[in-house]
Amino acid sequence: MTSTLYLADTIATMNAHNEVLTAGAVLVTNKSIAAIGSAVSLKSQYPSATVVNLENSLLMPGLVNTHCHSGLLRGTAEGLPVWAWLQQYIDPMHRVIHADEAALASRLCYAEALLSGTTTIVDMWRHMRGSAEAALHQGIRAVLVPYVAEHPDHDYFETLDANEQLIKDWHQHQSDRISVWVGLEHMFYAVPAAMQRISALCQNYQVGFHTHSNESRFDVDKTIERYGARPVQVLEQLGLLAAPRTLLAHCVWLDDAEIQLLADHGVGVAHNPVSNMKLASGAAPIGAMPAKGIAVGLGTHGEKENNNLDMFEELKTASLLAKHSNADAAALDAWSICRMATIDGARALGMQETIGSLEVGKRADMIALNTHTPRMTPLITSGQYMNLQHNLVHAAQGGDVAMTMVDGRVLVRHGELLCDDLSETIRAANRAIGPLLARRDAWIASAGTAVNELEKS
């Protein structure tokens, strides 16, 4: 049995008490955390363990990205609100993307995530056998959610048949790091019979369900027009809040009754502040949710609507957006945001017993940040002027991550990706984008004047 003792100047455990250890250590045995405490004590207790001294480092749980889309469109889909943006840029891409391009996008995005401290990612994407292979090879913990649409006007996404096959082939089979849930782009992209099948699939395979909901005012208004009820109410009526685990992305335009429904059904929420600001969707009422017991995690959304997958940037933006939108400088305190990115994100996925905090018995998913930088200085870890949590939220950046570990396996060391050829992935992505955009442009030209499919359907 292999054991390694990781020593760090500071350890932010993110346990129930947000306990912080100085001159601490974490003992990793195989995939799990076997002990945590003072470095002096654990070195004495485990003299045969290999010792790794993470100098000038802060050790903490890996970040949990609760909503992402792999992709290759970074910086090429700009300047529109969400539904027009989908019609003009995104849906035409889905019509023409090839399986090898989708797999390459996942390799690129998972590498970016690992390098910036994300150890668990929820990815809603296309042709996800390639995503599963990328996650298996690179070592990230992944919840794979096919981009499903079952509607005559949106027959160019993934099908429920393909989603079911991916569950059979990959859900915790090749690796228990890889889970497969049932996905749906949006209620507008499915007929009622498909939504009934989604509910049945979730129950039959005991897997989660993930979709976008209440992202924009248009979303809410159109749902009321079609169904006579608000989005979360319709999801409840269709049985989609009763899955073993339901995770809704965005939830910007919720009313009090919908928030109560989320609480009643134990639904998790993926908060995407950068994307919601960039697409002018609005500010989600995040402050009202934890009081109801709702687990709120953070998500980057995709490379095209963010335009990066740096979860530390998401922490800062979540803080600033809450303070700005509420005109309250004390809104959404730093510890709460740190928990959204770690243990509360894990809770939103139903994984809080396995990941999200550094505690004995949990998987060794952890990251080390370099604290020997101007932006992390001074670092005060206790007392009246303790600023560790504020530095993590408002100062730290993904580039500060020196080590990323998943299941006890080091995937990033000294800021370098160990589990894939990053240079070749970047070169391949740059080669792929030209043909992809050319095919998209050709499809748009052949389709003639753009038609708003949601308005006509």
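Higher on the page you've got the structure.
The sections below set out a description of the structure shown in this document. Nothing here was measured: the structure is a model prediction, and the numbers come from that model.

Conventions and cut-offs
- Residues numbered from 1 in each chain as written.
- Predicted model: local features only at pLDDT ≥ 70, side-chain atom pairs only at ≥ 80, totals over all residues.
- Heavy atoms only, no water.
- Helix = DSSP H or I, 4+ residues; strand = E, 2+ residues; numbered from the N terminus.
- Rg over C-alpha atoms; globule rule 2.2 N^0.38 Å.
- Buried < 20%, exposed > 50% of the residue type's maximum accessible area, 1.4 Å probe, protein only.
- Contact = heavy atoms within 4.5 Å.
- Areas by Shrake-Rupley, 256 points an atom, 1.4 Å probe, with all protein chains shown as cover.
- Lys, Arg positive; Asp, Glu negative; His and termini not counted.
- Charge placed at Lys NZ, Arg CZ, Asp CG, Glu CD.
- Pairing = 2+ DSSP bridges.
- Right-handed = clockwise from strand over helix to strand, strands pointing away.
- Phe/Tyr/Trp six-rings, centres within 6.5 Å; stacked < 30°, edge-to-face > 60°.

A look at the overall build of the chain
Counting its secondary structure elements, the chain contains 16 helices and 17 strands. The globule rule puts the C-alpha radius of gyration for 457 residues at 23 Å, and the 22 Å found for the chain is close to it. C-alpha atoms of the chain, sized along the principal axes, occupy 70 × 45 × 45 Å. Residues counted as buried form 59% of the 457 residues belonging to the chain. Taking as baseline every contact in the chain between residues at least 6 positions apart, the subset at least 24 positions apart corresponds to 73%. Just so you have it, the chain exposes about 17,000 Å², and 51% of that area is on carbon and sulfur atoms. Charge separation in the chain, taken as the distance between the mean sites of 33 positive and 48 negative side-chain charges, equals 3 Å.

Observations concerning the pairing of strand E11 (residues 246-250)
A large share of E11 lies buried, amounting to five of its five residues. Bridge count for strand E10 (residues 209-213) against E11 is five bridges, and the pairing is parallel. Across the sheet, the residue bridging to Ser 213 is His 250, located in E11. Sheet topology places E11 next to strand E12 (residues 268-271); three bridges connect them, and they run parallel. Opposite Leu 248, over in E12, you have Val 269 as the bridge partner. Regarding topology, helix H9 (residues 256-265) serves as the crossover connection from E11 to the parallel E12, and that connection is right-handed.

Some points on the sheet that holds strand E15 (residues 401-406)
Taken in spatial order, the eight strands line up as E3-E2-E1-E4-E14-E15-E16-E17 in an open sheet, and their pairing is mixed. Strand pairing shows two members of the sheet lacking a second neighbour, strand E3 (32-38) and strand E17 (416-417), which therefore form its edges. As judged from the six bridges shared by strand E2 (residues 20-29) and E3, these two strands associate in the antiparallel manner. Following the sheet pairing, Val 26 is matched in E3 by Ile 36.

Brief notes about the packing of aromatic side chains
Inspection of every chain in the model, using the stated rule, returns five aromatic pairs. Both rings, one in Trp 83 and one in Phe 188, keep their centres 5.6 Å apart while their planes meet at 40°; by these two values the pair is tilted. Note that Trp 83 is positioned in helix H2 (residues 82-96) and Phe 188 in the loop between strand E9 (182-184) and helix H6 (192-205), a separation of 105 residues in sequence. You'll find Trp 83 and Phe 188 in the same group, each marked buried. When the ring of Tyr 156 is compared with that of Phe 157, the centres are 4.8 Å apart and the planes differ by 35°; the resulting orientation is tilted. Considered together, Tyr 156 and Phe 157 belong to a single accessibility category, that of buried residues. Ring pairing ties together the aromatic residues Tyr 147, Tyr 156, Phe 157 and Tyr 189, which thus form one cluster.

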